[in-house]
Amino acid sequence: MFQVPRGTRDFTPEEMQKRRYLEHTMATTFTSFGYGEIQTPTFENQELFTAKSGESIINELYAFNDKGGRALALRPELTAPVIRCYVERLQMEPKPLKLYYFGNCYRYDRPQKGRYREFQQAGCELIGTDTHEATAELLALAYTILKNTGLKDIHLNIGNLTIISAIFRKLHLLKDDQKMILPLIDKSQFDDLQIALRDCNVSEEMITTFLDVLQTSDITKIRAFIGDDAEANTELSSLETILDLLRDAFHIPDYVIKLSIVRGLDYYKGLVFEIDAPALGAEKQLCGGGSYDLISLFGGTAVPTSGFAIGFDRTLLALEEEGFQFPTPKLDVFVIPVNPTMNNTVIQITQKLRSLGISADFDQLRRGIGKSLKYADAKHAEKVIIVGPKELENNTVTIRNMKTGAQEVVTLNDIYTKLQKS
Ligand code: HAM
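Draft legend 1. Quick peek at the side chain of Gln46. Structurally, Gln46 can be placed in the loop between β2 (43–45) and α2 (47–53). Residue classification places Gln46 among the buried residues on the basis of a relative accessible area of 13%.

Next up, the structure:
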């Protein structure tokens, strides 16, 4: 009768088990890199998102006025909210400030596999440092989190907007032309880019070299193209140092320089990066990030900021696509009364097990042993305790190992030591 709204999803217990597993793995990696968790509201004042991107962003938002007439929006991402919180409350914290988050995001996107209107991000913001080692660590963290989830085939691509700006200067592109061609670069639409550059009166020779430089990972070629632009040369040398650290100190050699990575969001500057999972096809971008500037726009004292966000749902899809074996949900013990007069004892056993941290459940449908064993099997119970009148007269119960089928009779007192040990 009713269905979930377009672009949203329900998650069953089986799916939630996978999501919680993934969340736990990611959170463990964030904390192992010295990050602390932060949470911000699901909705914010609309201005927070229009401040940098302009009013046109509203088309992509779930934006609304509340009963008090306040213009609000469900967050499309968490970087702006986290920086708002930093400016409001955390500016005096010791630097660098390392913040990570999990949060639902909302975008008025066209839904398809891997693209939803409500989706989850796992991300982080690094505030107060942009040293080479800090930037190399940020790249290492993004890569390590995804590797630690169990993903095998991921590609880390690194670009740089300072170098792209220098190239635009070299091509004598006007600001409006740059705005028009950036999305073409972002989407790797190189044929359309070629046409657009011709329209901007860029020479054929320049276009060919530019297209080559956008797709090469050869630093020498990039250096040759940017020529004597001082800012771009400094940035390129920095990039080289960062990548040396990434390879030699963090031991992450599988990255590619790709200047066509320019990121869609408006707040980036300098280094930008993306991580793809080819297994996902069209929506293969698992992670995006880079250095950016929002603090001064939000009225704070400017310090360097960078970060990234991982598409949580896409990571899960990529793991499934690669055939990853998620841990199955399991119940430690299922307790079965042979008849309802055993209920009191069965409940007491179950409660004692629960108090010892052992997951336990008992038959609540008053069905026979055969059906109860089937249910226990469906719930992946490891052990079953059968409480029957005859055994109970001797203060004993039967414990059955569901994997091997082996059964043993134990006294009521011994149940707990027996189950805790195994
Ligand atoms: P973003 O690239 O817009 O960056 O989003 C990050 C990731 O969220 C994407 O790589 C993708 O995996 C996932 N994602 C985006 N849209 C959807 C969608 N409609 N459905 C499913 N997954 C989606 C940011 O949001 C920046 N705030 C990242 C950042 C943090 N930069 C600096 N700090």
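Draft legend 2. How the structure looks around the packing of helix α8 (residues 204–215) against helix α9 (residues 219–226). Two elements in contact, α8 and α9, have axes separated by 10 Å at closest approach and are oriented at 140°. Every pair of crossing elements has a handedness; the one defined by α8 and α9 is left-handed. Contacts between α8 and α9 involve Met206, Thr209, Phe210, Asp212 and Val213 from the former and Lys221, Ile222 and Phe225 from the latter. Classifying every residue of the contact of α8 with α9 gives five nonpolar, one polar and two charged.

Draft legend 3. Representation of the site of the ligand within the structure. Looking at the ligand, there are 27 residues lining it, with Glu77, Thr79, Glu125, Tyr268 and Gln285 nearest. Between the ligand and Glu125 there is a distance of 2.8 Å, counted from a nitrogen atom to a side-chain nitrogen or oxygen. The protein chains hide 96% of the 660 Å² of surface that the ligand would expose on its own. If you list the elements that add at least two residues to the shell around the ligand, you get β6 (118–127), β10 (285–292) and β11 (305–311).

Draft legend 4. Region of the structure containing the sheet that holds strand β5 (residues 97–106). Strands sit in the order β1-β5-β6-β11-β10-β9-β7-β8 across an open sheet of eight strands; the sheet is mixed. Edge positions in the open sheet fall to β1 (36–37) and β8 (255–257), since each of these has one partner strand only. Sheet contacts for helix α3 (residues 79–90): β5, β6, β10 and β11; angle to β5, the most-contacted strand, approximately 135°.

Draft legend 5. Spotlight on the sheet that holds strand β14 (residues 381–387). Spatially, five strands are ordered β13-β12-β14-β15-β16 in an open sheet, and the strand pairing comes out mixed. Among the strands making up the open sheet, the edge pair consists of β13 (360–362) and β16 (407–411). Averaged over all adjacent pairs, the angle separating strand axes in this sheet is 25°, with direction ignored. Bridging between strand β15 (residues 396–401) and β16 involves five bridges; their strand directions are antiparallel. Across the sheet, Val397 pairs through a bridge with Val410, a residue of β16. Where helix α12 (residues 343–355) meets the sheet, its contacts fall on β12 (331–337), β13, β14 and β15, and the angle it forms with β13 comes to roughly 165°. Against the sheet, helix α13 (residues 369–378) makes contact with β12, β14 and β15, and its axis sits at roughly 170° relative to β12, the strand it touches most.

Draft legend 6. Main features of the pattern of salt bridges. One pass over the structure, following the stated rule, counts 25 salt bridges. Here Arg263 makes a salt bridge to Glu274, at a shortest N to O gap of 3.2 Å. A residue pair is termed long-range when its members are at least 10 positions apart, and Arg263 in the loop between β8 and β9 (268–276) and Glu274 in strand β9 qualify at eleven residues. Of the two residues examined, Arg263 and Glu274, each falls in the buried class.

Draft legend 7. Focus on the pairing of β11. The buried count for β11 comes to seven of seven residues, which makes it a mostly enclosed element. Because side chains alternate across β11, one face comprises the buried residues Thr305, Gly307, Ala309 and Gly311, and the other comprises Ser306, Phe308 and Ile310, equally buried. Relative to β11, β6 is paired through seven bridges, and the arrangement is antiparallel. Paired with Leu126 across the two strands is Ser306, which belongs to β11. Relative to β11, β10 is paired through six bridges, and the arrangement is antiparallel.

Draft legend 8. Quick peek at the packing of helix α4 (residues 132–148) against helix α10 (residues 230–248). In contact at an axis separation of 9 Å, α4 and α10 are set at 55° when each is read in the N-to-C sense. Relative to α10, α4 is oriented oblique. Between α4 and α10 lies a crossing whose hand is right-handed. For the pair α4 and α10, contact is made by His132, Glu133, Thr135, Ala136, Leu139 and Ala140 and by Ser238, Thr241, Ile242, Leu245 and Leu246, respectively. Taken together, the residues of the contact of α4 with α10 break down into six nonpolar, four polar and one charged.

The rules behind the values
- Residues numbered from 1 in each chain as written.
- Predicted model: local features only at pLDDT ≥ 70, side-chain atom pairs only at ≥ 80, totals over all residues.
- Heavy atoms only, no water.
- Helix = DSSP H or I, 4+ residues; strand = E, 2+ residues; numbered from the N terminus.
- Buried < 20%, exposed > 50% of the residue type's maximum accessible area, 1.4 Å probe, protein only.
- Axes fitted to C-alpha atoms, helices over the stretch in contact; angles between N-to-C directions.
- Left-handed = near helix turned anticlockwise from the far one by under 90°.
- Contact = heavy atoms within 4.5 Å.
- Nonpolar A, V, L, I, M, F, W, Y, C, P; charged D, E, K, R; others polar.
- Near = heavy atom within 4 Å.
- Polar contact = N/O pair within 3.5 Å; in protein donor to acceptor, adjacent residues only side chain to side chain.
- Areas by Shrake-Rupley, 256 points an atom, 1.4 Å probe, with all protein chains shown as cover.
- Pairing = 2+ DSSP bridges.
- Salt bridge = Lys/Arg side-chain N within 4 Å of Asp/Glu carboxyl O.
- Parallel < 35°, antiparallel > 145°, perpendicular 65-115°, else oblique.

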